[in-house]
Amino acid sequence: MKFVFVLAIFIVCAAAVTILKVKNTRQCKAGGGICKQTCAVDEEDTGSCCRNSYRCCQPPTCNDTLQYAQCKAKNGESKPVCDVNEQDTGIGPFCNPNRCCEPPTCIASVDCNCKSSTSSCHWKNEYQDNAGNCSGSDKCCKPCCFTCGGTFKGPEGRFTSPHYPLNYCNEQLCTYTIIVEEGSKVMLNFTFVELEPYFADTVKKVYDGEISTDTLLATLDDGPFEGLEFNSTSNKMIIVFKSDTITVFPGFSAIYKTLQ
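Being a predicted model, the structure only gives us computed values, none of them experimental.

A. Quick peek at the pattern of salt bridges. Scanning the entire structure with this criterion turns up ten salt bridges. Across the salt bridge formed by K79 and E86, the nearest N and O atoms sit 3.3 Å from each other. A single burial state applies to K79 and to E86, both of which are buried. With a shortest N-O distance of 3.5 Å, E171 and K124 are connected by a salt bridge. With a gap of 47 residues between them, E171 in the loop between β11 (156–160) and β12 (173–179) and K124 in the loop between β7 (113–115) and β8 (126–128) connect regions that are remote in the sequence. Residue class for E171 comes out partly exposed when judged on its relative accessible area of 36%. A relative accessible area of 31% places K124 in the partly exposed class.

B. Fine view of the confidence of the model for the protein chain. For the protein chain, the mean per-residue pLDDT works out to 83, and 87% of the residues sit at or above 70. Considering each helix and strand of the protein chain separately, the mean pLDDT is smallest for helix α1 (residues 2–30), with a value of 54, and largest for strand β13 (residues 185–194), with 95.

C. Local environment of the sheet that holds strand β18 (residues 251–259). Strands sit in the order β11-β18-β13-β16 across an open sheet of four strands; the sheet is antiparallel. The open sheet has two edge strands, β11 and β16 (228–231), and neither has a second partner. With strand direction ignored, the average angle separating the axes of adjacent strands in the sheet is 15°. Pairing analysis gives nine bridges linking β13 to β18, with the strands arranged antiparallel. Among the inter-strand pairings, F190 is bridged to a residue of β18, identified as A254.

D. Focus on the packing of aromatic side chains. Inspection of the entire model under this criterion finds ten aromatic pairs. Taking 4.8 Å as the distance between ring centres and 20° as the angle between the ring planes, the aromatic pair formed by F159 and Y176 counts as stacked. Of this pair, F159 sits in strand β11 while Y176 sits in strand β12, and the two are 17 residues apart along the sequence. Residues F159 and Y176 agree in their burial class; the two are buried. Relative to F252, the ring of Y176 lies with its centre 5.8 Å away and its plane at 85°, an arrangement referred to as edge-to-face. Here F252 lies in strand β18 and Y176 lies in strand β12, a separation of 76 residues in the sequence. The two residues Y176 and F252 agree in class, both being buried.

E. Spatial organisation of the side chain of D88. Within the secondary structure, D88 sits in strand β5 (residues 87–88). Looking at D88, its side chain comes within polar contact range of the main-chain nitrogen of G90, at 2.9 Å.

F. Representation of unusual backbone geometry in the model. For the bond from G92 to P93, the omega torsion is 5°, close enough to zero to count as cis. Relative to the elements of secondary structure, P93 occurs in the loop between β5 and β6 (99–102). With an omega of 5°, the peptide bond between G223 and P224 qualifies as cis. Looking at the secondary structure, you find P224 in the loop between β15 (216–220) and β16. Phi is positive for H163, close to 70°, though the residue is something other than glycine. For H163, the position within the fold is in the loop between β11 and β12. The backbone of E171 shows a phi angle near 60°, a positive value even though the residue is not glycine.

G. Structural view of the state of the cysteines. A complete count under the given rule lists eleven disulfides for this structure. Disulfide pairing places C35 opposite C49 at an S-S distance of 2.2 Å. Taken together, the positions of C35 in strand β1 (residues 34–36) and C49 in strand β2 (residues 44–49) put the pair 14 residues apart, joining distant regions of the chain. Like C35, the residue C49 is buried in the burial classification. A sulfur-sulfur distance of 2.1 Å marks the disulfide that ties C82 to C101.

Analysis parameters
Residues numbered from 1 in each chain as written. Predicted model: local features only at pLDDT ≥ 70, side-chain atom pairs only at ≥ 80, totals over all residues. Heavy atoms only, no water. Salt bridge = Lys/Arg side-chain N within 4 Å of Asp/Glu carboxyl O. Buried < 20%, exposed > 50% of the residue type's maximum accessible area, 1.4 Å probe, protein only. Helix = DSSP H or I, 4+ residues; strand = E, 2+ residues; numbered from the N terminus. pLDDT = per-residue confidence, 0-100. Pairing = 2+ DSSP bridges. Axes fitted to C-alpha atoms, helices over the stretch in contact; angles between N-to-C directions. Phe/Tyr/Trp six-rings, centres within 6.5 Å; stacked < 30°, edge-to-face > 60°. Polar contact = N/O pair within 3.5 Å; in protein donor to acceptor, adjacent residues only side chain to side chain. Disulfide = S-S within 2.5 Å.

In structure tokens, the structure reads:
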């Protein structure tokens with residue numbers, strides 16, 4: 001009699017466990033999940049189902065297919081930090097901490113216009129690339145990059161004057177706009193500066209927010225010097241770089257970060 005009673009309890013319990021397992025499987029499927037032994041890296045493990053060794057794996061809650069398509073349409077590349085002069089387009093957010101980095105507005109990646117050592121690169125349209133590949137003592141002249149500057153929207157970034165650390169060209173006018181998250185501020189650090197002295201050739205202006213005489217933080221020339229830092233009072237900063245028609249220098253390199 002006791003044996004029959006125990007057997008009955010075992011059957012009832014087994015049936016209850018089976019019902020529970022079926023219910024868990026249905027719940028998993030209802031949420032778009034799949035019962036499998038191991039969830040994929042980007043899947044969410046929401047608990048056991050089907051069998052004790054199986055897990056209910058839900059698909060990723062984040063889908064950034066559209067963002068990647070928008071980034072690619074701008075010839076951008078997804079990476080954690082944009083390279084020098086690459087513009088963070090602000091496309092996102094992505095499921096990972098990557099940014100959409102658009103290549104510089106001007107890339108002078110053309111071959112050298114080789115000239116003899118007694119000749120000079122054209123003062124207005126060319127600059128000399130000392131690392132260029134010309135035979136013997138010939139110098140490498142490359143076309144100037146006049147579509148310079150850009151807008152940088154990432155939490156941090158780096159940019160330089162055209163062709164840095166080589167000399168910029170004459171008659172350059174570049175505007176670099178930094179826009180960080182609303183409510184934050186910008187820390188800008190010039191890691192290197194070498195411009196023509198006495199403001200004769202180059203003038204670089206740093207504005208706190210919009211361009212205005214009331215928001216001008218600095219006007220720089222001369223050098224070389226490094227480590228000059230400025231902090232904004234808003235989430236925007238503008239840097240204007242200009243050169244005249246005579247002497248040229250290496251220019252500047254700068255980094256920026258977001259301040260909370």
